[in-house]
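The primary structure of each chain is shown beneath.
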Amino acid sequence: MKYQIAILAENKPGVLTHVSGLISRRAFNIETINAGYTEENDVTRINIVVNAYNETELNKVIHQMAKLIDVIKIVNISELPSINRELIMVKVKADTPAVRADIVNIANIFRAHIVDVGHENVVLELTGEQEKLAALIDMLNCYDILEIARTGPIALSRGTTPIKNM
Amino acid sequence: MEGSQAVIKCLKEQRVNTIFGYPGGMILPLFDALGKDSSIDFILTTHEQSSAHAADGYARASGKAGVCIATSGPGATNLVTGIATAFMDSVPMVIITGQVDSNLLGRDSFQETDIFGITMPITKHNFKLQSAKELIPLLRKAFALALSGRQGPVLIDIPKDFFYADIAYPENTTENKAAKPDADFIICAAEAIDEILKAERPVIIAGGGVVLGRAHKELIAFAEKYKLPVVSTLMGIGAFPNDHPLYMGFAGLHGRKSANYTVAEADLVIAVGSRFGDRQTGNIAHYIYEKHFIHIDIDPAEIDKNVHSSIGLSGDMKTILNLLMQREAVNNPDAWWKTLKKHKEKFAYEYTGKYDVPNIMHHISQTINKGDYAVVTDVGQHQMWAAQHIRRRTPRTWFTSGGLGTMGFGLPAALGIQLYYKNKKRVIHIAGDGGIKMTGSEYYTIAALRLPIISIIINNESLGMIRQLQKVYYGARYFSCNFEYKMNYVKYTESFGIRTYDVHSMDEFVEAFSNALALNEPQAIIVNAGKAFVEPMANTVSGINTFVNF
Ligand SMILES: Cc1ncc(C[n+]2csc(CCOP(=O)(O)OP(=O)(O)O)c2C)c(N)n1
Ligand SMILES: [Mg+2]
């Protein structure tokens, strides 16, 4: 099972290493990880998707992570009503006007943005849930995908309560 | 104030009076400051690993944070085994390593290693200093972290130039507040008492957490109140008086049969400060079969980690045990005790006075229990024999590397422990002929300081425990476990200026031990024992009350 975990941590050197090191030490796989500042300057939010056998196993890692000194709060977002988004950029080969027109069409259908156009390629940007991103890639696979970069998902719980107050 | 002086001032503020360590380029400014200050004793060991073990021993004996210092690069990496040993046994330590100048970091400079990265998984927390002004706040935090909650080692890596930096000494504004148990907790405690009163065959497993939580008095009161039998883990020896009528012995892979049967037959296991380590439980499926568990531990992450418990109580051990005593003892454990008494009689060890290691350990036990002594072991067969046959009555009189099982721990730890106990308790150190060759250089420090440690080397001319494993699991194909080449251990310890006894019989041992006790100086006794196997040895596949036949 994949679980979306949000961790609030003090923005100190080594925090990410402490967190990711612990997860791999406890024999879990990190699918994706990303981090960024939050509404509070000195707090970093680390968003992780981990693969765990089941919820009991997941809770063991959550307990271990809660012990890390710099970790302020850790929440399993998957068990809450939440919104989940990921951003992806795809560079596709488009060296003929016909291909370019096709790709612009596909982008429109998916409401993706064309963020760069060159003589021989275009770059698409799409934000959404993972199924939507997968569908876009699936469509673009009919063409020549040169490169993909993705952020990994981030998630927020619904309602007014931020996870720091949970 | 110079950074190095500020560090010394902060150590004094934290009431540190003994430091272990080894010098080197990147920590020399701190040595310079230490040298100018006579109020902190500095103990120079012969190896950084020993500095760490000695600080660890000092901490285990005192309950204070043990402090050790070393230089960058090889000095820091030499500490690693010692730090990992302390981490696995939840020992509070503060480790200070020097690092190359901050402007040289990240360039593979001379003696630069990423000790922050290396020690991340073996410390409770570690700090890599970014600026000199963090020096004192983070050093204070290191002490606070090492000593709070589940204790453990904390490392702080300090670039050399920070020792020279001019910093303001910040005021100490930290205060300790004790947490009150919340409502949930009190409900769980009430449920736990219900379980205890309901149980037909309850047992307490006393672990090292009782010692660390200073809760042995509460544990005795708790066990006595509900007439609960008590077994101890390797780390819990001394947490409960070993001559108490409720005591069933040391349990685990090499536990006493009386203890293992008690646990195997119990319907309710109350683990107090024990983490259900695999050396304690053996095969987990067998272990948990038809049992309920109440798990009491300072660390919430331990609850349900290895064994799923019906009730987990995480917090201060004393508080929890006190909560568990607030009900009338309406349970009736008589039938259970009838069984337990039979186990006690049936499995009582018969000491014949024959010349073998169990009888030697028994003699040590009988002799030292008339006075104030601490026992420190190394790792191997002798450790298990000592755990089985040396009885301890009070906490912090039994020291061993349980979680990591580090050969070479014993002698340097004995150094730290004896330095703490001074003349209040004398240290009996027991090692094997293998482990003693790992950190035996520490006889130098012990001899130089004239510490009255009595060091007993069980010479079975082998890595006895390896030989035992090869016998049981590898068809007795003995490989690299026998010391074919003989060395002279008597001359070895004597070369340090330590009076040494060479023993070949029980009579000789009795005489040597009594002579050693009469003399207040470091001494060694070489016990030339044959090869043997430690029994009982629980069968790890089929449950802790089934045993390997030799
Ligand atoms: C540093 C380290 N290396 C290896 C081991 C594996 N090991 C466990 S017991 C043992 C043999 C110990 O031999 P000795 O010190 O002579 O004690 P004995 O078992 O003979 O009493 C070994 C090699 C260990 N525990 N620690
Ligand atoms: Mg040996």
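Reading guide: rules and limits
Residues numbered from 1 in each chain as written. Chains lettered and ligands numbered in written order. Predicted model: local features only at pLDDT ≥ 70, side-chain atom pairs only at ≥ 80, totals over all residues. Heavy atoms only, no water. Core = buried A, V, L, I, M, F, W, Y, C linked by side-chain atoms within 4.5 Å. Buried < 20%, exposed > 50% of the residue type's maximum accessible area, 1.4 Å probe, protein only. Contact = heavy atoms within 4.5 Å. Donors = N, O, S within 2.8 Å, 3.2 Å for Na, K, Ca; no water. Pairing = 2+ DSSP bridges. Helix = DSSP H or I, 4+ residues; strand = E, 2+ residues; numbered from the N terminus. Axes fitted to C-alpha atoms, helices over the stretch in contact; angles between N-to-C directions. Near = heavy atom within 4 Å. Polar contact = N/O pair within 3.5 Å; in protein donor to acceptor, adjacent residues only side chain to side chain. Areas by Shrake-Rupley, 256 points an atom, 1.4 Å probe, with all protein chains shown as cover. Buried area = accessible area lost by both parts, 1.4 Å probe. Salt bridge = Lys/Arg side-chain N within 4 Å of Asp/Glu carboxyl O. Nonpolar A, V, L, I, M, F, W, Y, C, P; charged D, E, K, R; others polar. Right-handed = clockwise from strand over helix to strand, strands pointing away. Patch = residues over 30% accessible without salt bridge, like charges linked within 9 Å, V, L, I, M, F, W, Y side chains within 5 Å. Phe/Tyr/Trp six-rings, centres within 6.5 Å; stacked < 30°, edge-to-face > 60°. Lys NZ or Arg CZ within 6 Å of the ring centre and 35° of its normal.

## Side note on the nonpolar core
All names here are of chain B. F222, I364, I456 and I525 are the most contacted members of the largest nonpolar core, which has 87 residues in total. When neighbours within four sequence positions are excluded, F222 is seen to be in contact with I196, I204, L228, I270, L321, L324 and M325. Among the nonpolar cores identified, the runner-up in size contains 46 residues, and A70, F399, I417 and L451 belong to it.

## Observations concerning the coordination of the magnesium ion (ligand 2)
Residue and element names in this part refer to chain B. The coordination sphere of the magnesium ion (ligand 2), as far as protein atoms go, consists of D433 (OD), N460 (OD1) and S462 (O), spread over 2.0 to 2.2 Å. Every donor residue of the magnesium ion (ligand 2) comes from the same chain, spaced as D-x26-N-x1-S. Per residue, the accessibility class of N460 equals that of S462, and both read buried.

## Brief notes about the sheet that holds strand β2 (residues 29-37) of chain A
Residues and elements named next belong to chain A. Here four strands make up an open sheet; going across it, the order is β2-β3-β1-β4 and the pairing antiparallel. With partners counted over all chains shown, the strands left at the sheet margins are β2 and β4 (71-76), one partner each. Neighbour-to-neighbour, the strand axes of the sheet open up by a mean angle of 20°, direction not taken into account. Here β2 pairs with strand β3 (residues 43-51) via eight bridges, running antiparallel. Paired with G36 across the bridge in β3 is R45. Together, β1 (2-10), β2, β3 and β4 form the strand contacts of helix α1 (residues 15-25), whose direction differs from that of β3 by roughly 20°. Across the sheet, helix α2 (residues 55-66) is in contact with β1, β3 and β4; its angle to β4 comes to roughly 170°.

## Describing the sheet that holds strand β5 (residues 125-128) of chain B
Residues and elements named next belong to chain B. A sheet is described by the order of its strands in space; here six strands give the open sequence β2-β1-β3-β4-β6-β5, paired in parallel fashion. Edge positions in the sheet fall to β2 (41-44) and β5, since each of these pairs with one other strand and no more. Averaged over all pairs of adjacent strands, the angle between strand axes in this sheet comes to 20°, irrespective of strand direction. Sheet topology note: the strand β1 (residues 18-21)/strand β3 (residues 66-70) ladder contains two bridges and is parallel. Considered in β3, the bridge of G21 is made with I69. In this fold helix α4 (residues 74-88) packs onto β3, β4 (93-99) and β6 (153-159), with an angle of close to 165° to the strand it touches most, β4.

## Regarding the site of ligand 1
Residues and elements named next belong to chain B. The immediate surroundings of ligand 1 are formed by 17 residues, with Q381, G405, G434, G435 and G464 found nearest. One of the backbone nitrogen or oxygen atoms of Q381 is found 2.8 Å away from an oxygen atom of ligand 1. Between G434 and ligand 1, the recorded distance is 2.8 Å, taken from a backbone N or O atom to an oxygen atom. Expressed as a share of its isolated accessible area of 590 Å², the protein-covered part of ligand 1 is 77%. Sorting the residues of the shell around ligand 1 by element identifies α17 (381-389) and α21 (464-473) as the ones contributing at least two each.

## Quick look at the interface of chain A and chain B
At the junction of the two partners, chain A supplies 13 residues and chain B supplies 14 residues. Taken together, both faces of the contact between chain A and chain B bury some 1,200 Å²; the carbon and sulfur share is 62%. Ranking the residues of chain A by area buried against chain B places A:H18, A:K67 and A:I69 at the top, with a combined share of 42%. For the pair chain A and chain B, the interface holds one salt bridge. Two residues, A:K67 and B:D299, come together in a salt bridge whose shortest N-O distance is 2.4 Å. Remark: the boundary between chain A and chain B carries three residue pairs in polar contact (both at pLDDT 80 or more). Mapped by element, the contributors of at least two residues to the side of chain A that touches chain B are α1 and α2 of chain A. In terms of residue class, the side of chain A that touches chain B is built from two nonpolar, five polar and six charged.

## Regarding the pairing of β6(B)
Residues and elements named next belong to chain B. Most of β6 sits inside the fold, with seven of its seven residues counted as buried. Residue alternation in β6 divides its side chains into two sets, P153, L155, D157 and P159 and V154, I156 and I158, and both sets are buried. Bridge analysis of β4 against β6 gives seven bridges, and the strand direction is parallel. The residue bridging T97 from the neighbouring strand is D157, located in β6. In terms of strand pairing, β5 meets β6 through four bridges, oriented parallel. Its bridge partner being in β6, K128 is matched across the sheet by D157. Taken together, β5, helix α6 (residues 135-147) and β6 form a β-α-β motif whose crossover is right-handed.

## Notes on the environment of B:R396
Residues and elements named next belong to chain B. Mapped onto the secondary structure, R396 falls in the loop between α17 and β14 (398-399). Here R396 is in contact with A59, R60, A61, G63, V211, L212, R214 and Y421, once residues within four sequence places are set aside. Among the polar contacts made by the side chain of R396, one reaches the main-chain carbonyl oxygen of R60 at a distance of 2.8 Å.

## Topic: a nonpolar patch on the surface
A contiguous nonpolar patch, built from B:I466, B:L469, B:Y473 and B:Y474 and spanning about 370 Å² of accessible area, is present on the exposed surface. Mapped onto the secondary structure, B:Y474 falls in the loop between α21 and α22 (489-494).

## What to know about the side chain of B:Q49
Inspection of the secondary structure puts B:Q49 in helix α3 (residues 48-62). Beyond its immediate chain neighbours, meaning those up to four positions away, B:Q49 contacts B:N78, B:T81, B:G82, B:T406, B:M407 and B:T439.

## Concerning the pairing of β1(B)
All names here are of chain B. Covered by surrounding structure in β1 are T18 and F20 together with I19 and G21, the residues of both alternating faces. Here β1 runs beside β2; their pairing, made up of four bridges, is parallel. Considered in β2, the bridge of I19 is made with F42. Handedness of the crossover joining β1 and β2 through helix α2 (residues 28-35): right-handed.

## Details of the packing of aromatic side chains
Two aromatic rings are characterised by how far apart their centres lie and by the angle between their planes. Residues and elements named next belong to chain B. Scanning the model with the defined rule gives 17 aromatic pairs over all chains in all. An angle of 75° between the planes, with centres 5.8 Å apart, marks the rings of F222 and Y226 as edge-to-face. Residue F222 and its partner Y226 are located together in helix α10 (residues 216-226), separated by four residues, close to a single helical turn. Each of the two residues, F222 as well as Y226, counts as buried. For the ring pair F509 and F513, a centre distance of 5.6 Å and an interplane angle of 15° mean the geometry is stacked. Note that F509 and F513 are positioned in helix α23 (residues 506-518) at a spacing of four residues, about one turn of the helix. For the pair formed by F509 and F513, the shared burial category is buried. An aromatic cluster is present here, built from F20, Y58, Y420 and Y421 joined pairwise through their rings. The ring of Y421 has K425 sitting right over it, with the charged end atom 5.1 Å from the ring centre.

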